[in-house]
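Examining the three-dimensional arrangement
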Amino acid sequence: MDRLTAIRSFVEVANCKSFTRAAEQLGLTRLQVSRHVQEVEQWLAQRLLHRTTRKVSLTYAGEQAYGHCQRILDEAAALTLTTGRLHGALTGRIRVAAPIGLAQGILVAPVTQFTDAHPEVVIEVIASDQFTPLVDERVDIALRFTPQPDEHLIARKLMAIDSIVCASPAYIAHASQPNHPSDLSDHPCLIHVSGDHWQFIKDSRREEVRVSGPIHANDLGTLVNAARMGKGIVRVPCDLANPYVAQGELIPLLTDYRLPPSALWAVYLSRSYQQPVVRHFIDHLANCWQHDIQAPIDGSDAAHQ
């Protein structure tokens, strides 16, 4: 028995919660995957999966084995990556899901640098402000802004990114500036579909205000452009805001307050991380984004990118 192949099938079934979907992901037949899982169960002398007509789930023994099997596959992938660096060029295709603003902004440079250095690699970027399902969309890496990623996914923190609220000089010229978060109720706000409750932090105290406004969008770039046109106040991550702040097109507001910090994570499934090209690209992103993106100190000094 090729134990690595069998272990890979077991881990994929656990991830997909389906023999059929696991087989599709691995390019195998359902019968082959089923036999692989049976071989792992016989090897460990444990029943690893509960099988019903509707779903597949891990037994207690399966949960314990799952973590060990992931580590075995990751170590095998690390060995492959190390030897691959010594003996051959990286090849393959990587599907990367990322928020639209990130895909159009700071992601472009790392992607072009990587493909220039590795001409036989193709990177397919899926831009969406919704969380793209990794299994259903065959995504290798998803870049996500979140305080903490799903515990069921493997994740690597790439950097912290501040957020600010801001508006254009034209808007501020005809509207009074808010001095307190509660003042936002008197202003048109440009709202991302992720939520109309904005939190602020001052002296370790959190305040939350519900905002409203004429424009809602699932794309932060759309909201930033509306703000630049003087249509209202926007809350936006600093990777998008700082260039416009530096150019004087947007002015930070409520600077005595901080917004809850967020972080950019690379999340992925074990099977993706086993591919040397995927591991290498994640390392490349981490190297490119060694510095956090912070709020500008004042309206004319944007933080480093």
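First things first, this report covers the structure right here in the doc. (Residues numbered from 1 in each chain as written. Predicted model: local features only at pLDDT ≥ 70, side-chain atom pairs only at ≥ 80, totals over all residues. Heavy atoms only, no water.)

Comments concerning the sheet that holds strand β5 (residues 141-145)
Taken together, the five strands give an open sheet; going across it, the order is β4-β3-β5-β14-β6, and neighbouring strands pair in mixed fashion. Of all the strands in the sheet, the pair left with one neighbour each is β4 (121-127) and β6 (154-161). Across this sheet, the average inter-strand angle for adjacent strands is 20°, counted without regard to direction. Judged from the seven bridges that link them, β6 and strand β14 (residues 262-268) form a sheet pairing that is antiparallel. Paired with A160 across the two strands is A263, which belongs to β14. Seen against the sheet, helix α6 (residues 108-117) touches β3 (92-98) and β4 and runs at an angle of roughly 160° to β4. Strands β3, β4, β5, β6 and β14 of the sheet are contacted by helix α11 (residues 276-288), whose axis makes an angle of about 20° with β6. (Pairing = 2+ DSSP bridges. Helix = DSSP H or I, 4+ residues; strand = E, 2+ residues; numbered from the N terminus. Axes fitted to C-alpha atoms, helices over the stretch in contact; angles between N-to-C directions. Contact = heavy atoms within 4.5 Å.)

Looking at the nonpolar core
Counting residues in each nonpolar core, the largest one holds 45 residues, and the members touching the most others are I94, L107, L143, F281 and W289. For this core, the element with the highest residue contribution is α11, accounting for six residues. When near neighbours in sequence (up to four residues on either side) are disregarded, F281 contacts I94, V96, P110, V111, F114, I123 and I141. Membership of the second largest hydrophobic core comes to 32 residues, among which are V33, A97, V267 and L269. (Core = buried A, V, L, I, M, F, W, Y, C linked by side-chain atoms within 4.5 Å. Buried < 20%, exposed > 50% of the residue type's maximum accessible area, 1.4 Å probe, protein only.)

Regarding the state of the cysteines
As enumerated under the stated definition, the model contains zero disulfides in all. Sulfur of C16: no disulfide; nearest cysteine sulfur belongs to C69 and is 15 Å away. When its relative accessible area of 5% is taken as the criterion, C16 is described as buried. Overall, C69 belongs to the buried group, its relative accessible area being 3%. (Disulfide = S-S within 2.5 Å.)

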